[in-house]
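# Understanding the architecture of this molecule
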Amino acid sequence: MVQQLSVFLQNRSGKIATLTEAFYENGVDIRALSIADTTDFGILRILVSNLEKAKQALDRLNYIYSVNEVFVVAVPDVPGGLAGVLRLMSAHRIDIEYMYSLVDRGKNDAYMVFRVSDPDAMQQLLQENDLMTVSGVSLGLA
């Protein structure tokens, strides 16, 4: 599993720009991101090259954040590849809390980030079906 930052942001112009500039100034590279918003706030979910430096930058900005563990799964990069993985998860009653894709990818795989209701069941499902997880090291995450 990989550690992800979930950053709570006011839904105001410039908040994400301030965060990305702080990461830049601290040598933190964003490897993947997703944002979900409401009228008043958003949740920015990100995988970063250096979690500790990112947390320090967020602390200096007084941003509220949490660290969560997520699966990065190598999904076959063919039509129906993602559908097959999702079908397996459904059959094993593993609920997806959220998911998003990565820009990086393997030779024959796309990478998807999953936060699930039952991490142990997900780990077992991946092992039983020869689905590979992608390590933080291979993604350039520290």
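Keep in mind that this is a model prediction, so the values were computed, not measured.

### A word on the packing of aromatic side chains
A full pass over the atoms with the stated rule returns zero aromatic pairs. Just above the ring of Tyr 98 sits the side chain of Arg 45; from NZ or CZ to the centre is 3.7 Å.

### A few points about the pattern of salt bridges
Side chains that carry opposite charge are capable of pairing whenever their charged atoms lie near each other. Overall, the coordinates contain three salt bridges when judged by the stated rule. Asp 29 is paired through a salt bridge with Arg 31; the nearest N and O atoms lie 2.8 Å apart. With a relative accessible area of 32%, Arg 31 lands in the partly exposed category. Put simply, Lys 55 and Glu 52 hold a salt bridge, and the shortest N to O gap is 3.4 Å. Residue Lys 55 and its partner Glu 52 are located together in helix α2 (residues 51-60), separated by three residues, close to a single helical turn.

### What to know about the confidence of the model for the protein chain
When pLDDT is averaged along the protein chain, the result is 90, and 96% of the positions lie at 70 or above. Mean pLDDT across the secondary structure elements of the protein chain bottoms out at strand β5 (residues 96-105), with 84, and peaks at α2, with 96.

### Considerations on helix α1 (residues 15-25)
Note that an α-helix has 3.6 residues per turn; residues three or four places apart therefore point the same way. For α1, every residue scored as buried is listed here: Leu 19, Ala 22 and Phe 23. Along the axis of α1, the buried positions cluster into a sector of 100°, meaning they face one direction only. Turned more than 90 degrees from where α1 packs its buried face, Tyr 24 and Glu 25 sit exposed. Residues of α1 that are buried sit in contact with β1 (2-10), β2 (30-37), β3 (41-48) and α2.

### Some remarks on the nonpolar core
Formed by 15 residues in total, the largest nonpolar core has its most connected members in Leu 5, Val 7, Leu 19, Phe 23, Ile 46, Val 48 and Leu 58. When residues of this core are traced back to their parent elements, those giving at least two are β1, α1, β3 and α2. The element best represented in this core is α2, accounting for four residues. If we skip the residues at most four places from it in the chain, Leu 19 touches Val 7, Leu 9, Leu 44, Leu 58, Leu 61 and Tyr 63. Counting residues in each nonpolar core, the second largest holds 14 residues, with Ala 32, Leu 47, Tyr 98 and Tyr 100 among its members.

The rules behind these values
- Residues numbered from 1 in each chain as written.
- Predicted model: local features only at pLDDT ≥ 70, side-chain atom pairs only at ≥ 80, totals over all residues.
- Heavy atoms only, no water.
- Phe/Tyr/Trp six-rings, centres within 6.5 Å; stacked < 30°, edge-to-face > 60°.
- Lys NZ or Arg CZ within 6 Å of the ring centre and 35° of its normal.
- Salt bridge = Lys/Arg side-chain N within 4 Å of Asp/Glu carboxyl O.
- Buried < 20%, exposed > 50% of the residue type's maximum accessible area, 1.4 Å probe, protein only.
- Helix = DSSP H or I, 4+ residues; strand = E, 2+ residues; numbered from the N terminus.
- pLDDT = per-residue confidence, 0-100.
- Arc of directions from axis to C-beta.
- Contact = heavy atoms within 4.5 Å.
- Core = buried A, V, L, I, M, F, W, Y, C linked by side-chain atoms within 4.5 Å.

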